[in-house]
Amino acid sequence: LEILAKNVLSKDEKTDYAEGEISREMIEKYVDEEPDGNAFEILNLAIKAALTEGKSAGKIRKNLQNELENLRKCVEDPNRFLGLLTSQIVALSAVILSVPDASKSLKINPFQLTKARETAAKIQPNARVEFAKNLAKNLAKTDAKMKLSTAENSWVLLENFLMNL
């Protein structure tokens, strides 16, 4: 927390720090949430929506829409978010396809692989490979379309991709 106060906070923010203890609220006030964490959570929410049926699926999709709207407000570049999302999808695919020593061979963080294993466990074992193939195919299509789109249209493409896994 001391490092945060000395290196991240602006002059005015340091004044706030000098007046009291650093709290979780202060950190949340001054430090943006990491978009890579959002990518993981949003992908998990999209997968959960894809695997759920009925009223529960509708609630999950509504939650996903809200998360995407919040993300859109704080992350200016949809292509950057697509990159983060792609990293999560590569980790998930590596787990599903049992890539040997994926941490080293694909340079994936071991924690990311652990989280990907948890996500993969939610998918029916006999449907995992097909799910990974469709995910990669649709990701590639979305990426290609985004390269030819405006930022606003890119967000729409990202939302369509995630809402229709």
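Residues numbered from 1 in each chain as written. Predicted model: local features only at pLDDT ≥ 70, side-chain atom pairs only at ≥ 80, totals over all residues. Heavy atoms only, no water.

## Things to note about helix α9 (residues 128–147)
Here is step 1 of the chain: In this model, α9 (20 residues) spans 28 Å end to end at C-alpha, consistent with the 28 Å of a helix rising 1.5 Å per residue.
Here is step 2 of the chain: Regarding α9, the residues found buried are Phe131, Ala132, Leu135, Leu139, Thr142 and Met146. Buried residues in α9, looked at end-on, bunch into an arc of 95 degrees, giving them a common side. (Helix = DSSP H or I, 4+ residues; strand = E, 2+ residues; numbered from the N terminus. Expected span 1.5 Å × (residues − 1). Buried < 20%, exposed > 50% of the residue type's maximum accessible area, 1.4 Å probe, protein only. Arc of directions from axis to C-beta.)

## Notes on the packing of α9 against helix α10 (residues 151–163)
In helix packing, the relevant descriptors are the interaxial angle and the interaxial distance, both defined with respect to the helix axes.
Here is step 1 of the chain: Packing of α9 against α10 leaves a shortest axis separation of 9 Å and a crossing angle of 170 degrees. Taken together, the axes of α9 and α10 lie roughly antiparallel to each other. Along its contact with α9, which presents Leu135, Asn138, Leu139, Thr142, Lys145 and Met146, the element α10 presents Ser154, Leu157, Leu158 and Phe161.
Here is step 2 of the chain: Its residues assigned to classes, the contact of α9 with α10 comprises 6 nonpolar, 3 polar and 1 charged. (Axes fitted to C-alpha atoms, helices over the stretch in contact; angles between N-to-C directions. Parallel < 35°, antiparallel > 145°, perpendicular 65-115°, else oblique. Contact = heavy atoms within 4.5 Å. Nonpolar A, V, L, I, M, F, W, Y, C, P; charged D, E, K, R; others polar.)

## A look at the environment of Ile96
Here is step 1 of the chain: Assignment of secondary structure puts Ile96 in helix α6 (residues 78–96).
Here is step 2 of the chain: A relative accessible area of 11% means that Ile96 is categorised as buried.
Here is step 3 of the chain: Sequence separation between Ile96 and Arg128 is 32 residues, and the spatial gap between their C-alpha atoms is 6.2 Å.
Here is step 4 of the chain: Residue contacts for Ile96: discarding those within four places in its chain leaves Ala120, Ile123, Arg128, Val129 and Ala132.

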